[in-house]
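Chains, contacts and geometry: an overview
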Amino acid sequence: MHATLREIRKTPEGIIKAQEAFENFIANHDFRLPREVVYTGCGSSNFLSQPLAMATTRLGGRGLSVPCSELLYAKENYPIGRPGLLVAISRSGETTEAVKALESLNTKRFAITAYESTLSREADYSLIVPAHEESVVMTHSFPAFYFAYLQLLLSSFGKETYDAELVSGLTGEVLRSEDYIKEIVDGFDFRNVIFLGSGILYPVALEAMLKMKEMAIFWSEAYPTFEVRHGFKSVADDGTLVVLLVENPFDWHEKLTKEFQGQGAKVLTVGRKDTGADYFIEVPELSPPGNLVLYTPVIQLLAYHKAVKRGLNPDNPRFLSKVVKW
Ligand code: F1P
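Source: prediction; values computed, not measured. (Residues numbered from 1 in each chain as written. Predicted model: local features only at pLDDT ≥ 70, side-chain atom pairs only at ≥ 80, totals over all residues. Heavy atoms only, no water.)

1. Details of the overall build of the protein
Worth spelling out the cut-off: Per the convention used, a helix needs a DSSP run of H or I reaching at least four residues, while a strand needs a run of E reaching at least two, with both numbered from the N terminus. Note that the radius of gyration is over C-alpha atoms, with the globule rule given as 2.2 Å times the number of residues to the power 0.38. Note on classification: 1.4 Å probe, protein chains only; a residue is buried when its accessible area is under 20% of the maximum for its type, exposed when over 50%, partly exposed between these limits. Two residues qualify as a contact provided that any one of their heavy atoms is within 4.5 Å of a heavy atom in the partner residue. Where accessible areas are quoted, they stem from the Shrake-Rupley method and a 1.4 Å probe; at the residue level, only the protein chains shown are allowed to cover. When charges are counted, neither His nor the chain ends are considered; positive counts come from Lys and Arg and negative counts from Asp and Glu. For this purpose, a charge sits on NZ of Lys, CZ of Arg, CG of Asp or CD of Glu.
Regarding its fold elements, the protein presents 12 helices and 10 strands. Since a compact globule built from 326 residues should have a radius of gyration of about 20 Å, the 19 Å found for the protein is in line with a globular shape. Counting only C-alpha atoms, the protein reaches 55 × 40 × 40 Å along its principal axes. Within the protein, the fraction of its 326 residues that count as buried is 58%. For the protein, restricting intrachain contacts to residue pairs at least 6 apart in sequence, the fraction spanning at least 24 positions comes to 71%. Here the protein displays about 13400 Å² of accessible surface, and carbon together with sulfur accounts for 48% of that area. In the protein, the 34 positive side-chain charges and the 40 negative ones have mean positions that sit 3 Å from each other.

Printed below as a string of structure tokens:
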């Protein structure tokens, strides 16, 4: 079995490890997250920094996400203000830009990583979530990092944390859609794919786009859901799969589904309710912002099965390496 598939299937285990990491962290630190936080990372870790910033804002603080390279070379273009913390995310903890970005703001530094690493050693605080991965691409570590830090955010802001056992079980339920995902991929040999999501599901759409490129070396795009109607939809035709990530659809989602179907495209809706799509994957109920962890396994499995269908080895994608260093 490919390491990538094994690792996606470890999502429930990753949530439990994330909870342990969160509990270890609060047991060993007298620390509360401040209200203003800047988040940074590269690649998947950049896409992870976006929902973390959104969750911070949603919970009453002010979160800003800036990719590492932008923090290093163009930060004067971003509304950075005077954050109480800079959070750098890196699975390996060794990505050059992430390590350098830690020094880019004059504030306390916090690392989220899977290992004791350069990043964790150079930060003032580190949340080490040992969701280790053999594969080049980041899979179950993404929801695990998100969940561990979200628990810390919730407890810092005086809100109730999630029941990790319950969330872990729900990710297990989502993984049961794997056979259906494989059926979709085998039954419709799509030539391109567009991922759509709004709020915290937009960065999930971006991550899905990256997974398709990394694992399946396949053309993919991602947009905030309704933004796609403004020109971008022209590329969708009978060779296109549109993946609509939406927790609670309303009439616009149904109209959008019909609009794409009218162009010949097929729509896969992932969420609580169908939108009249060609394919539907039901995601169990979990309040936002924790619900993000229920969507990542679906989009990772889709990219994985597309890679296999294309005869590729998703464990070792061409031109990519696990750690990007200069
Ligand atoms: C960042 C990253 C990964 C990507 C690839 C190259 O790694 O961009 O997201 O999948 O492996 O590196 P990291 O800083 O999170 O270790």
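Still more to cover.
2. Let's talk about the layout of surface pockets
As a reminder, the rule being used: Cavity means a closed set of points on a 1 Å grid over the protein atoms alone, one where a 1.4 Å probe fits but cannot get out, pocket means an open set with protein on both sides within 12 Å along at least 5 of 7 lines, and lining means a residue has an atom within 4 Å of a point. Grid points are joined across faces, edges and corners, and a volume is the space filled by probe spheres set on the points. Residues are grouped as follows: Ala, Val, Leu, Ile, Met, Phe, Trp, Tyr, Cys and Pro are nonpolar; Asp, Glu, Lys and Arg are charged; every other residue, Gly included, is polar.
When its volume is computed, the largest pocket comes out at roughly 400 Å³. Lining of the largest pocket is provided by 22 residues; of these, Cys42, Gly43, Ser44, Lys322 and Val324 occupy positions nearest its centre. Partitioning the lining of the largest pocket into residue classes produces nine nonpolar, eight polar and five charged. Here the second largest pocket defines a volume of roughly 280 Å³. In terms of lining, the second largest pocket is formed by 15 residues, of which the most central are Ser198, Gly199, Ile200, Leu201 and Glu247.

3. A look at the side chain of threonine 275
Here is the rule we go by: Counting of polar contacts relies on pairs of N or O atoms within 3.5 Å, with two restrictions inside protein: one atom must be capable of donating a hydrogen and the other of accepting it, and residues adjacent in sequence are counted only when both atoms are side-chain atoms.
Structurally, threonine 275 is set in the loop between strand 9 (266-271) and strand 10 (279-282). Within the structure, threonine 275 has its side chain in polar contact with the side chain of threonine 257 (distance 2.8 Å). Here the side chain of threonine 275 touches threonine 269 through a polar contact of 2.8 Å, side chain to side chain. Excluding residues within four positions of it along the chain, threonine 275 makes contact with Leu244, Val246, Pro249, His253, Glu254, Thr257 and Thr269.

4. Describing the packing of helix 10 (residues 201-216) against helix 12 (residues 292-309)
The condition is simple: Only C-alpha atoms enter the line fits that serve as axes; for helices the fit covers just the stretch in contact. Angles between N-to-C directions range over 0 to 180 degrees. Oblique is the label for every angle not falling under 35 degrees (roughly parallel), over 145 degrees (roughly antiparallel), or within 65 to 115 degrees (roughly perpendicular). Helix crossings get a hand from a simple test, with the near helix turned counterclockwise from the far one by less than a right angle marking a left-handed crossing and a clockwise turn marking a right-handed one.
Where helix 10 meets helix 12, the closest approach of the two axes is 9 Å, and the angle between their N-to-C directions is 20 degrees. Comparing the axis directions of helix 10 and helix 12 gives the class roughly parallel. Crossing handedness for the pair helix 10 and helix 12: right-handed. Counting all contacts with helix 10, which are made through Leu201, Val204, Glu207, Ala208, Lys211, Met212, Met215 and Ala216, the residues of helix 12 involved are Leu292, Tyr295, Ile299, Gln300, Leu302, Ala303, Tyr304, Lys306 and Ala307. Here the contact of helix 10 with helix 12 is built from residues that sort into 13 nonpolar, one polar and three charged.

5. Some points on the packing of aromatic side chains
Applied cut-off: In summary, the pairing rule links any two rings of Phe, Tyr or Trp, Trp by its six-membered ring, whose centres are within 6.5 Å, and it sorts them by plane angle into stacked for under 30 degrees, edge-to-face for over 60 and tilted for everything else.
Within this structure, the stated rule accounts for 14 aromatic pairs. Measuring from ring centre to ring centre gives 6.2 Å for phenylalanine 250 and tryptophan 252, while their planes differ by 50 degrees; the resulting arrangement is tilted. A relative accessible area of 48% means that tryptophan 252 is categorised as partly exposed. An aromatic cluster is present here, built from Phe25, Phe31, Tyr39, Phe110, Tyr125 and Tyr149 joined pairwise through their rings.

6. Thoughts on the pairing of strand 9
Selection criterion: Note on pairing: two strands pair once DSSP finds at least 2 bridges between them. Here is how to tell: hold the view so the strands point away, follow the path from the first strand over the helix to the second, and if it runs clockwise the crossover is right-handed.
Most of strand 9 sits inside the fold, with five of its six residues counted as buried. Two elements, strand 8 (residues 240-246) and strand 9, share six bridges in a ladder whose sense is parallel. Paired with leucine 241 across the bridge in strand 9 is lysine 266. The parallel pair strand 8 and strand 9 is bridged by helix 11 (residues 251-262), and the resulting crossover is right-handed. Strand direction decides the pairing type here: strand 9 and strand 10, joined by four bridges, are parallel. In the strand pairing of strand 10, valine 270 is matched with isoleucine 281.

7. Structural notes on the sheet that holds strand 2 (residues 62-65)
With parallel pairing, the five strands of this open sheet are ordered in space as 2-1-3-4-5. Sheet topology places strand 2 and strand 5 (125-128) at the edges, where each strand pairs with a single neighbour. In this sheet, neighbouring strand axes are inclined to one another by 20 degrees on average, regardless of whether the strands run parallel or antiparallel. Here strand 1 (residues 36-40) runs beside strand 3 (residues 85-89); their pairing, made up of four bridges, is parallel. The residue bridging valine 38 from the neighbouring strand is leucine 86, located in strand 3. Strands in contact with helix 2 (residues 11-28) are strand 4 (109-113) and strand 5; relative to strand 5, the strand with the most contacts, it is inclined by about 150 degrees. Contacts from helix 7 (residues 141-156) reach strand 1, strand 3, strand 4 and strand 5 within the one sheet, and its direction differs from that of strand 4 by about 140 degrees.

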